[in-house]
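What the coordinates show
Below, each chain spelled out in residue letters.
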Amino acid sequence: MSTTATEDETTARHRPATTDLRGPLAGLIGRRRPGYSLPAPFYTDRAVFDHDLAAIFGEHWLFVGAEPEIAEPGDYVTVQVGTSSVIVLRDDDGDVRALHNVCRHRGTRLLDDRRGSTGNIVCPYHQWTYGTDGSLLHAGQQPAGFDKSCFTIKQVAVRRIGGLIFICLAEQPPADVDEMAERITPYLLPHDLTRTRIAAQDEVIVQANWKLAMENNRECYHCEGSHPELTCVFFPTYGYAVEDLPPRLLPAHARYLGAEAALERTCDERSIPYAAIEELHGRPTGFRIQREALDGGGESYTTDGTAASTKLLGDLDTARLGRLSLHIQPNAWFHFLGDHAVVFSLLPLDVDRSVIRTTWLVHSDAVEGVDYDHDRLTDVWRKTNAQDAALCQRAQLGVTDPAYQPGPYAPNEYQVDHFIRWYLERLEHNLGREADR
Amino acid sequence: MSTTATEDETTARHRPATTDLRGPLAGLIGRRRPGYSLPAPFYTDRAVFDHDLAAIFGEHWLFVGAEPEIAEPGDYVTVQVGTSSVIVLRDDDGDVRALHNVCRHRGTRLLDDRRGSTGNIVCPYHQWTYGTDGSLLHAGQQPAGFDKSCFTIKQVAVRRIGGLIFICLAEQPPADVDEMAERITPYLLPHDLTRTRIAAQDEVIVQANWKLAMENNRECYHCEGSHPELTCVFFPTYGYAVEDLPPRLLPAHARYLGAEAALERTCDERSIPYAAIEELHGRPTGFRIQREALDGGGESYTTDGTAASTKLLGDLDTARLGRLSLHIQPNAWFHFLGDHAVVFSLLPLDVDRSVIRTTWLVHSDAVEGVDYDHDRLTDVWRKTNAQDAALCQRAQLGVTDPAYQPGPYAPNEYQVDHFIRWYLERLEHNLGREADR
Amino acid sequence: MSTTATEDETTARHRPATTDLRGPLAGLIGRRRPGYSLPAPFYTDRAVFDHDLAAIFGEHWLFVGAEPEIAEPGDYVTVQVGTSSVIVLRDDDGDVRALHNVCRHRGTRLLDDRRGSTGNIVCPYHQWTYGTDGSLLHAGQQPAGFDKSCFTIKQVAVRRIGGLIFICLAEQPPADVDEMAERITPYLLPHDLTRTRIAAQDEVIVQANWKLAMENNRECYHCEGSHPELTCVFFPTYGYAVEDLPPRLLPAHARYLGAEAALERTCDERSIPYAAIEELHGRPTGFRIQREALDGGGESYTTDGTAASTKLLGDLDTARLGRLSLHIQPNAWFHFLGDHAVVFSLLPLDVDRSVIRTTWLVHSDAVEGVDYDHDRLTDVWRKTNAQDAALCQRAQLGVTDPAYQPGPYAPNEYQVDHFIRWYLERLEHNLGREADR
């Protein structure tokens, strides 16, 4: 008994439902004007969305959670990517594994809950029983010669970087994740996520295509007008070239220069890296990392900028470390602060609907009500997320309007442009691979 | 910097998503049997619906509101036509303008509300700021050389006729609207809509294809059985040839003849036109207008037929003017009475869902509770609308059934047939134009 | 005036919307591995679903209710099959008829309610009036020469077997229903459904493709783990080959053998047939019938196995008749007991949504609260249905996951395999017929 014959079929599902999309998609890509937002079908067409699921979310590394979410053997979270459900769990050996949430008998979904703890994984339909490594331990009423080893739960590639968990649904995940890991790990280490715990987690449904939600994240052109809480500490000069700064932002810029100089001294004294690395496109695992100063108290994402938790992360001796911000294509962004970390994962639900999961991590020893206040910790980003969701929904309504015509990105939206470039590169790469097949 | 290159793309959206529809659509048109209702796909197929949005709602004049709805500079209503949203507003010069409700930056929807009042139009995303004429006044953080004049909000053609506002989404709107305006204006003038105000407005969602809702409006074969309130004053003989009248309607016919003779005298004495003009097909802007007597008190759409408002419209000296009824393809019908006007606009929401907006207008000086009672004014048509919505929903369920087979229109449904003829003419015209491209 | 020309059009609706499906569908059929569950698109693809509606539900006999549901002339139930609505009614002559629920004028749905009683059928739109035989009796305002006999409500084939009502939407229903009727009638007669009445009816919406719901019904591999109430009396050894019985089931098997021997004696003494007939595939009207012993009290589907009603069905003198179980492809299963019958009809609503209607029938003379208790009668199957609905929903989620790969049916799932074989045979038959056209 062999499963080889039907493996092809599953792989086929990761490719677009119809190869006929290649022509139209190549045409659409060709219609994009550099520096301008995408033609409407990229945001509104279900066939493009299905292709995104396959070519973007099926082929790249996706951030799905932090290790403290699955601290003990048997702890798991389930992650929905399009119609894929993946169990990310700590196995009996303490390793992190990702398993497709699908029984090998007749395909039943194995685990329902968003998070939980399990021993062996028992399918509720016919009690096929799997170990936490996915191996089939027991299947009732099978004929002689039934080979359990052919019915292991399908594995998903998994990668841990500084306490962050990434999965990749592809058979051959992009190898450049190793090089990214090597470069960002020194930035992450001082915050030591392995010694944190989840203080809060929040899910926001955004009524917009996932790319509009990403575009929203990749610029702060909209921050001044929409995010009063965030801009208490997030310098509204973000993304501006100095020569383009409007006069009203010059005082903020002056503060920024002072804060940056202080931050660099603080970091240099502690050998903490801060310089920007920006490789948002031109590679499968596009990313950007930089430590930058915060306004106000300069310590954390609170409305006055002072730390939200008195227990600093790792072995840090100061909270005045600004924000270490990390962007990874296609679905994640992160802010590591002296006193906590707030990490974001975006996943597509439908062509016009996405979910953003926000997780706040504090030191393992931090006690709620003593070392930090839950509401003060989460206030800025909860409000900011809600403001962004409303903007993204408006944007979806607009691009769905036949009158929509792509418009120009402003200079301080250059990271939006880099995201779009990355996206189109990856589509073209994927179309090329399909053509080779 | 020029926007010419991408204009084509927007125009392209107004055409069917796939040119492959032309063959099937021509086939469908060919299958329609004259005098019979349409083959099912016209009412149920999403591709046909999308084509209707483009070829009918994208190419013809649509009634969207009465001038008193936007009495002052800055007053606006937003109108949804399929996925198009249009701002119809009175600009700072007092003119009526129609603007696509889409920001020229990244496409965000500009205004949310169904109605309101605005100064400059400020996009809530990045604060691009437009004048009420649509011109871009301000866009932050743009590079040198950014030409604001390239980013005016896209304009929609607008036409005012006797206080009624029409828009057309096409680049080249049908020119025959001028001739229609010339012919119907003398009928409308005595009711002087410019000196009215909105007494009530009502939206009814109809769970049916827009053409079923139009068909429902274009005949009164169903009135006797379904509209007890309406038939207090609307002669149930409507649409009948005299020789086809059933015996039970002969008393009503006798009353009708008497009322018509009286109405003609009343009109002749005042030089008020009443003769029917019927050009419901054979032209882009199909229409029909006629003043006809009402039963009962003969004055208004109330259950006893007497006027609902004591302040007559315009400078009228009598309320006994029956109903001036105007039908315009593809989406509107109107009744002008001595004491008020009730106007209807139908817009498609989805293949099986439409909205009918009903607006009651009274003299600007009429005071609620003094000159008219709100419930008495609106009672007949609110009930009639609800009755019609239920019938249309049943009709949609029926035509969606595979057992549906087009059936014959009765002689008193001839205006339904004229609507369908107009519809098919317009589709054929559109297919011909596409073939020429 | 003739309707011949347009009849073709309606027939055309029963075939797949696009003949282009033939190639992909043949490919999908070819991909199915014998003994394994179906490739995902069979459960998830809307085009396949539409084809199922046409090729399976449009071409085969469907169980839609029991005669006591429409006991008196004018009594009717409406049955929804995809977008088809069918009126199943007892006509004025006491015969059972099935009529498409569509007016011949403009296609309006005639009757709304799931069940009711009617005299003539009057369309609520324009009062076209039909007799209970579907003939058009009256249509107002028609021109001279209008031939009412051309506008009879379209008839649906109907077949009564031992008090069960089947309909077939096809022009040429499968003829082998006669032979099935002949063979199963002797089994059904002792339970005499014509002398029963409805004690309860229940509808459960299952969030799964109809084939997953059928697969669920066709095996009891899942019963031990999921149906604690059912397995009080339903032997968990169902479907096992003796040599495959696991040790824990040997005591149950011993009870089964004893109960079977007793049942055979009881039946032989009364000339009641019990032997299995199993022709689940290889014919259009696949079926299986067998009388088998029940565990516990051995009489009925109650948690202790004793009869739920003291009034036995027909002229039976004992309740210890086990369960007479009947399976008919594609949509029905039945259990006839000494004291009641419980019958199930499954109908597809959408690609991932189905409805199961369960009806409990007791002797016409049985009085609730005296001869039977409503809750005790319905308890086992209400709970079992709810448990199955949850399992089916999980199965749908699983097969929709791109990681789903068809898995092997266990030996005690052989009836699932027979159902799938039947299904694929029928698709192939249908594709062959289309190719001949």
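This text goes with the structure placed above it.
Figured I'd write up the structure that's included with this text. These numbers come from a predicted model, not from an experiment.

Bringing the relation of the copies chain B and chain C into the picture now. Superposing chain B onto chain C takes a rotation of 120 degrees plus a shift of 0.1 Å along the axis, which leaves an RMSD of 0.1 Å. Taken together, the rotation angle and the small translation identify this as a three-fold axis.

Residues and elements named next belong to chain C. Listing the buried residues of helix 2 (residues 22-31) in full gives L25, L28 and I29. All buried residues of helix 2 project into a common sector of 100 degrees when viewed along the axis, lining one side. Considering only its buried residues, helix 2 is in contact with helix 3 (41-44), helix 4 (46-57) and helix 10 (414-436).

Where two cysteines share a covalent bond between their sulfur atoms, that bond is called a disulfide. Residue and element names in this part refer to chain A. Counted under the stated rule, the structure contains three disulfides over all chains. Residue C220 pairs covalently with C223 via a disulfide, S to S 1.8 Å. Looking down the S-S bond of the C220 and C223 bridge, the torsion is -90 degrees, so its handedness is left-handed. The pair formed by C220 and C223 is uniform in burial state, with each residue classed as buried. Not part of a disulfide, C123 finds its nearest cysteine sulfur in C103, a span of 3.9 Å. No disulfide involves C392; its sulfur sits 12 Å from the nearest other cysteine sulfur, which is in C223.

Interfaces are often described in size by the accessible area the parts lose on coming together. If you look at the interface, chain B gives 36 residues, while chain A gives 38 residues. With both sides pooled, the region where chain B packs onto chain A buries about 3100 Å², and carbon together with sulfur makes up 48% of that total. In this assembly, chain B and chain A are joined by four salt bridges. Where B:R106 meets A:E413, a salt bridge forms, and the shortest distance between an N and an O atom there is 2.5 Å. Put simply, chain B and chain A have 17 residue pairs in polar contact (both at pLDDT 80 or more) between them. Element by element, the count of residues in the side of chain B that touches chain A is highest for helix 1 (residues 4-14) of chain B, at six residues. Looking at the side of chain B that touches chain A residue by residue, the class counts come to eleven nonpolar, 17 polar and eight charged.

This part is about the packing of aromatic side chains. Counted under the stated rule, the structure contains 48 aromatic pairs over all chains. Plain terms: the ring middles of B:F334 and B:F336 are 6.0 Å apart, the flat faces sit at 10 degrees to each other, and that makes the pair stacked. B:F336 carries the same exposure label as B:F334, and that label is buried. When the centroid spacing of 5.7 Å and the interplanar angle of 75 degrees are considered together, the rings of C:W128 and C:F146 count as edge-to-face.

How each quantity is defined
- Residues numbered from 1 in each chain as written.
- Chains lettered and ligands numbered in written order.
- Predicted model: local features only at pLDDT ≥ 70, side-chain atom pairs only at ≥ 80, totals over all residues.
- Heavy atoms only, no water.
- Least-squares fit on C-alpha atoms with pLDDT ≥ 70 in both.
- Buried < 20%, exposed > 50% of the residue type's maximum accessible area, 1.4 Å probe, protein only.
- Helix = DSSP H or I, 4+ residues; strand = E, 2+ residues; numbered from the N terminus.
- Arc of directions from axis to C-beta.
- Contact = heavy atoms within 4.5 Å.
- Disulfide = S-S within 2.5 Å.
- Buried area = accessible area lost by both parts, 1.4 Å probe.
- Salt bridge = Lys/Arg side-chain N within 4 Å of Asp/Glu carboxyl O.
- Polar contact = N/O pair within 3.5 Å; in protein donor to acceptor, adjacent residues only side chain to side chain.
- Nonpolar A, V, L, I, M, F, W, Y, C, P; charged D, E, K, R; others polar.
- Phe/Tyr/Trp six-rings, centres within 6.5 Å; stacked < 30°, edge-to-face > 60°.

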